[in-house]
Amino acid sequence: MNDIKFIIRGRHRFLRRMISLSFIIFHLFFSVACYNRGPITSDAWDLTEQQLDSISFYTTHHYTQNYNFVVTGDSLVVVAQQPDEMSVPDVVSIELESIGLEKKKDSITIRRHEHVVVADIKTVPSDTIDSIWVKVARDQLTFGWIHENELLTKVSPDDPISQFIDAFSNTHLLVFLAFCVLTGAVYGLRLLMRKGCKIVHFNDIKSFYPTALCLLIASSAVLYSSIQLFGPETWRHFYYHPSLNPFALPFWLGVFVSSVWALIILSLATIDDVMHSLPLGEAVLYLVGLAAVCAVLYTVFSITTLYYIGYPLLIAYYYFAIKRFKR
């Protein structure tokens, strides 16, 4: 009789959690879907030639005038001269170059972490280095011109989401993190297994939440790398104009952002279920091991997908994880 009451209470508790989880997901999606696109006026397409050029540049480069950047390089050096003067050498410059000298340019140095805004964009076809020049301004007295290629390597969009993407899109950083995570995770998981602690996939608890979290982490990492691999321009536009609203994005980007929301919700549900299933000390060790497994899954699948290995690896991992949970 007590066993039957325990099973009924367990089912009621699981049902209440699923209802609460469904309500949270519905509330988040409903709240982010409520946005106003703004009024559409009759003269919306009555644009000047300069405005049309700005729109054309925006569609290919994903930024335009009045766009805000933050300097992420050591420094940003801009010149006060006009691009036409820089790209076409005058007689004095030719004479100085013939004797091994260079004409002095009025340059301004903008330091790291300082904010700049795009003031103007000019195309100089005669420039053999880079035909696009960008005028950036730190304030009303500090402004100058710089090649677009040089600018974009030293700045990041002035948005925390873009800067977060910039940090985690660094290949060298990913490789270094993968090495550190794999080394630490293998050592930590081996130590936990020797002590007989609960570990996801190997000595798991009777809850599907941890396994579901691992599967969602792996799937999100594969989707993240796939968008970068097959839709680089779509990802670049999202990088310049990030949004946490999945309904305001293209389909696959919307799916990825939805998976990020699902990860947050599922992580909270997993922590709650683990804390109710294990004593405090064992629950903390289990969550530490789960975090290590999730870190390994993210680094492995995000890197291997760039070389097309992640897709069959994901199928094999799904088979392994579900089979281990059933056992």
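All values derive from a computational prediction rather than experimental measurement. Here, residues in each chain are numbered from 1, in the same order as that chain's written sequence. Residues qualify for local features only when their pLDDT is at least 70, as the model is predicted, and side-chain atom pairs are given and counted only at 80 or more; totals for whole chains, interfaces and linings, by contrast, use all residues. The side-chain values count all of the structure's non-hydrogen atoms but skip hydrogen atoms and water molecules.

(A) Here's a closer look at the overall build of the protein. Put simply, DSSP H or I for four residues or longer makes a helix, DSSP E for two residues or longer makes a strand, and each gets a number counted from the N terminus. Counting secondary structure elements, the protein contains 12 helices and seven strands. A 1.4 Å probe rolled over the protein chains alone gives each residue an accessible area, and that area as a share of the maximum for its type sets the label: buried under 20%, exposed over 50%, partly exposed in between. Across the 327 residues that make up the protein, the buried fraction comes to 34%. Should any heavy atoms of two residues lie within 4.5 Å, those residues are considered in contact. Partitioning the intrachain contacts of the protein with sequence separation of at least 6 by distance along the chain shows that 70% fall at a separation of at least 24. Summing over all exposed atoms, the protein offers an accessible surface of approximately 20,500 Å²; the carbon and sulfur share of this is 65%. Here, Shrake-Rupley sampling with a 1.4 Å probe gives the accessible areas, and only protein chains in the shown set may cover a residue.

(B) The pattern of salt bridges, seen in detail. Salt bridges are defined as contacts in which a side-chain nitrogen from Lys or Arg sits within 4 Å of a carboxyl oxygen from Asp or Glu. Scanning the entire structure with this criterion turns up four salt bridges. For aspartate 74, the salt bridge identified is with arginine 112, shortest N-O distance 3.7 Å. With aspartate 74 in the loop between β1 (68-71) and β2 (75-79) and arginine 112 in the loop between β3 (107-111) and β4 (115-123), the pair connects residues that are 38 residues apart, well separated along the chain. A relative accessible area of 68% places aspartate 74 in the exposed class. Of the residues examined, arginine 112 reaches a relative accessible area of 42% and is grouped as partly exposed. Note that glutamate 150 and lysine 154 form a salt bridge whose closest N and O atoms lie 3.6 Å from each other. Here glutamate 150 pairs with lysine 154, and both are found in helix α5 (residues 148-154), just four residues apart, close to one helical turn. Overall, glutamate 150 belongs to the partly exposed group, its relative accessible area being 32%. Residue class for lysine 154 comes out partly exposed when judged on its relative accessible area of 26%. One salt-bridge network, in which partners are shared between bridges, spans Glu114, Arg138 and Asp139.

(C) Expanded view of the confidence of the model for the protein. Scored by pLDDT, the protein comes out at a mean of 78, with 69% of its residues at no less than 70. Confidence scores labelled pLDDT are given residue by residue by the predictor and lie between 0 and 100. Here residues 100-104 is a poorly scored stretch, pLDDT under 50, and it has six contacts once near neighbours within four places are set aside; other chains count.

(D) Structural detail: unusual backbone geometry. Phi is positive for asparagine 66, close to 75 degrees, though the residue is something other than glycine. By the element assignment, asparagine 66 lies in the loop between α2 (49-61) and β1. Positive phi, close to 65 degrees, is recorded for tyrosine 308, a residue that is not glycine. In this structure, tyrosine 308 sits in the loop between α11 (280-304) and α12 (310-326).

(E) Quick look at the packing of aromatic side chains. Stacked, tilted and edge-to-face are the three classes assigned to paired rings of Phe, Tyr and Trp, where Trp is represented by its six-membered ring and a pair needs centres within 6.5 Å; plane angles under 30 degrees give stacked, over 60 edge-to-face, the rest tilted. Inspection of the entire model under this criterion finds 17 aromatic pairs. On the numbers, 5.7 Å between centres and 75 degrees between planes, the contact of tyrosine 63 with phenylalanine 69 is edge-to-face. Of the residues examined, phenylalanine 69 reaches a relative accessible area of 1% and is grouped as buried. For the ring pair tyrosine 67 and tyrosine 240, a centre distance of 5.9 Å and an interplane angle of 65 degrees mean the geometry is edge-to-face. One end of the pair, tyrosine 67, is in the loop between α2 and β1; the other, tyrosine 240, is in helix α9 (residues 232-240), with 173 residues separating them in the sequence. Of the two residues, tyrosine 67 and tyrosine 240, neither departs from the other in class, the shared state being buried. Pairwise contacts between aromatic rings join Phe57, Tyr63, Tyr67, Phe69, Tyr239 and Tyr240 into one cluster.

(F) Layout of the packing of α9 against helix α10 (residues 251-277). For the pair α9 and α10, the least separation of the axes is 10 Å and the interaxial angle reads 55 degrees. Judged by the inter-axis angle, α9 sits oblique to α10. In this structure, the crossing between α9 and α10 has a hand that is right-handed. Seen from α9, the contacting residues are Thr234, Trp235 and Phe238; seen from α10, they are Leu253, Phe256 and Val257. Orientation is described by axes fitted as lines to C-alpha atoms, over the contacting stretch for helices, and by angles from 0 to 180 degrees between their N-to-C directions. Under this scheme an angle from 65 to 115 degrees is roughly perpendicular, one under 35 degrees roughly parallel, and one over 145 degrees roughly antiparallel; angles in between are oblique. If you view the pair so one helix is near and one far, a crossing is left-handed when the near helix is turned anticlockwise from the far one by less than a right angle, and right-handed when it is turned clockwise.

(G) Here's a closer look at the nonpolar core. Counting 28 residues, the largest nonpolar core has Tyr63, Phe69, Leu76 and Trp235 as the members making the most contacts within it. Those elements giving two or more residues to this core turn out to be β1, β2, β4, β5 (132-137), α8 (209-230), α9 and α10. In terms of residues, this core owes the most to one element, α9, which gives four residues. Setting aside residues no more than four positions away along its own chain, phenylalanine 69 makes contact with Tyr63, Glu114, His115, Val116, Val118, Leu152, Val155, Ser156, Pro157, Asp158 and Tyr240. The next biggest cluster of nonpolar side chains, apart from the first, holds 26 residues, and it includes Cys214, Leu290, Leu314 and Ala321. Here, nonpolar core refers to any group of buried Ala, Val, Leu, Ile, Met, Phe, Trp, Tyr and Cys residues whose side-chain atoms link them within 4.5 Å.

(H) Structural view of the side chain of threonine 304. Mapped onto the elements of the fold, threonine 304 is located in helix α11. Contact partners of threonine 304, with chain neighbours within four places excluded, come to Ile309, Gly310 and Leu313.

(I) Highlighting the side chain of histidine 62. Relative to the helices and strands, histidine 62 resides in the loop between α2 and β1. Using a relative accessible area of 4% as the deciding quantity, one classes histidine 62 as buried. Whenever two N or O atoms come within 3.5 Å, that pair is a polar contact, provided that in protein one can donate a hydrogen and the other can accept it, and provided that, for residues adjacent in sequence, both atoms are side-chain atoms. For histidine 62, the side chain forms a polar contact with the side chain of glutamate 233, separated by 2.8 Å. For histidine 62, the side chain forms a polar contact with the side chain of histidine 237, separated by 3.1 Å.

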